[in-house]
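Breakdown of the fold
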Amino acid sequence: MEGANVGAAKTRPGRSKVSPRELAFRIAVPLLGACAMVAFWAVYVWQSEAPPYILPGPNVVIATIISDLPTLGLALWVTTKTTLLALLCAVIGGGSIALLLAQARWIEALFYPVTVTLQVTPIVAIAPLILIYLPTPQTAQLICAFVVAFFPIMLNTLQGLKSVERHYADLLRTYGASRWQAIRYLRIPSALPHFFSGLKISGGLALVGAVVGEFSVGQAGDNAGLAFRLLEAQSRLNTPRVFATLILLAVLGAVIFAATSFLSWLALRHWHESEITPKV
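Residues numbered from 1 in each chain as written. Predicted model: local features only at pLDDT ≥ 70, side-chain atom pairs only at ≥ 80, totals over all residues. Heavy atoms only, no water.

For the protein chain, the helix and strand inventory stands at ten helices and zero strands. Across the protein chain, helices and strands are ordered from the amino to the carboxyl terminus as α-α-α-α-α-α-α-α-α-α. For the protein chain, with 280 residues in total, the buried portion stands at 39%. For the protein chain, restricting intrachain contacts to residue pairs at least 6 apart in sequence, the fraction spanning at least 24 positions comes to 77%. (Helix = DSSP H or I, 4+ residues; strand = E, 2+ residues; numbered from the N terminus. Buried < 20%, exposed > 50% of the residue type's maximum accessible area, 1.4 Å probe, protein only. Contact = heavy atoms within 4.5 Å.)

Printed below as a string of structure tokens:
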């Protein structure tokens, strides 16, 4: 249908390419901030002369990560796999439910209370129940992470689908567009910025849900995640390994956020203001 792609027809501000200097600035500033935090940590440990079992220094934590890499690396992979799979399920489920709820107000009124109830119920409280009704601990951990990550994607996508500008909808009706064409050419493009905002939030929440699931239903052996290794190290008063596990969890969360931000930039950089580099 000619002229149907209204989402692409929105006013597009001029796009400027990211210069190497600006790219280096974006990378250098966060690295400098992280280095400053590590330096402050090292100086504090040195000045206070705290023993490693109370507060290990960065050098001790790094040495622990290297020495325990076979164990911690396997645990990191287990947690990463659970987090990413839960996030993928949340994207599929949240996007599909948002499309369904956006079709009619009565559908939204029917299902919306259920989704809200799932979100406001503490995952720590329902994790043991999830373990009872599901066949394996791995599935229970996946469901815990999915439940936490699902709602932001669904809610943000639904808000985007409902935030279509009226004159664009009128234009599509003028061209005789069907309901599916309106969804494809108008509603989905309009919902993309909201969807990626929810995706950035859900990436971190999926990791939180995976950790909570491992705390509640985690298991030893090859299927043990980072949260189980953290509890194991804490019970043995192995503080350096506790810090090493926390560092790995923080790095994993930062990588997931960076990956979702990059996906947002790839999808929106040509036309949406949130990802267009402003001209100086």
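Considering the arrangement of structural elements, one finds Val217 in helix α8 (residues 179–217). Sequence-distant contacts of Val217, defined by excluding residues within four places in its chain, comprise Ala127, Leu131, Pro137, Ala140 and Gln141.

We now examine the layout of surface pockets. The calculated volume of the second largest pocket comes to roughly 340 Å³. Contributing to the lining of the second largest pocket are 14 residues, with Ile27, Pro30, Leu31, Ala34 and Cys35 lying nearest its centre. Elements with a contribution of two residues or more to the lining of the second largest pocket: α1 (20–48) and α2 (58–67). With nine residues, the top contributor of residues to the lining of the second largest pocket is α1. Split into classes, the residues belonging to the lining of the second largest pocket amount to 13 nonpolar, no polar and one charged. (1 Å grid on protein atoms, 1.4 Å probe; cavity = no way out; pocket = protein on both sides within 12 Å on 5 of 7 lines; lining within 4 Å. Points joined across faces, edges and corners; volume = space filled by probe spheres on them. Nonpolar A, V, L, I, M, F, W, Y, C, P; charged D, E, K, R; others polar.)

A few words on the pattern of salt bridges. Per the counting criterion, the structure on display carries four salt bridges. With a shortest N-O distance of 3.0 Å, Glu232 and Arg229 are connected by a salt bridge. Of this pair, Glu232 and Arg229 both sit in helix α9 (residues 226–235), three residues apart, which is roughly one turn of the helix. Judged by relative accessible area, which is 16%, Glu232 ranks as buried. Of the charged contacts, one joins Arg241 and Glu232 as a salt bridge, the two residues approaching to 3.6 Å between their closest N and O atoms. Put simply, Asp68, Arg229, Glu232, Arg236 and Arg241 are held in one network by salt bridges that share partners. (Salt bridge = Lys/Arg side-chain N within 4 Å of Asp/Glu carboxyl O.)

Turning to a nonpolar patch on the surface, a few remarks are in order. Taken together, the side chains of Leu100, Trp106, Leu110 and Phe111 make up a nonpolar region of the molecular surface, amounting to roughly 440 Å² of accessible area. With three residues, helix α4 (residues 105–120) is the single largest residue contributor to the nonpolar patch. For Leu100, a relative accessible area of 36% corresponds to the partly exposed category. (Patch = residues over 30% accessible without salt bridge, like charges linked within 9 Å, V, L, I, M, F, W, Y side chains within 5 Å. Areas by Shrake-Rupley, 256 points an atom, 1.4 Å probe, with all protein chains shown as cover.)

Moving on, we get to the packing of α9 against helix α10 (residues 239–268). Axis angle and axis distance: for two packed helices, these are the angle between their axes and the distance between the axes, and together they describe the pair. Axis separation between α9 and α10 bottoms out at 8 Å; the angle between their running directions is 160 degrees. Relative to α10, α9 is oriented roughly antiparallel. α9 and α10 meet at a crossing whose hand is left-handed. Counted together, Leu226, Arg229, Leu230, Glu232, Ala233 and Gln234 of α9 and Arg241, Val242, Thr245, Leu246, Leu248 and Leu249 of α10 form the full contact between these two elements. A class-by-class count of the residues in the contact of α9 with α10 yields seven nonpolar, two polar and three charged. (Axes fitted to C-alpha atoms, helices over the stretch in contact; angles between N-to-C directions. Parallel < 35°, antiparallel > 145°, perpendicular 65-115°, else oblique. Left-handed = near helix turned anticlockwise from the far one by under 90°.)

Bringing unusual backbone geometry into the picture now. Non-glycine residue Glu49 carries a positive phi angle of around 55 degrees. The exposure class of Glu49 is exposed, given its relative accessible area of 67%. Within the chain, Leu237 stands out as a residue other than glycine whose phi angle is a positive 60 degrees. Note that Leu237 resides in the loop between α9 and α10.

Here the protein chain averages 82 in pLDDT, and 88% of its residues register 70 or above. Per-residue pLDDT stays below 50 along residues 1–16; that stretch engages in 34 contacts with residues further than four places along the chain or on separate chains. (pLDDT = per-residue confidence, 0-100.)

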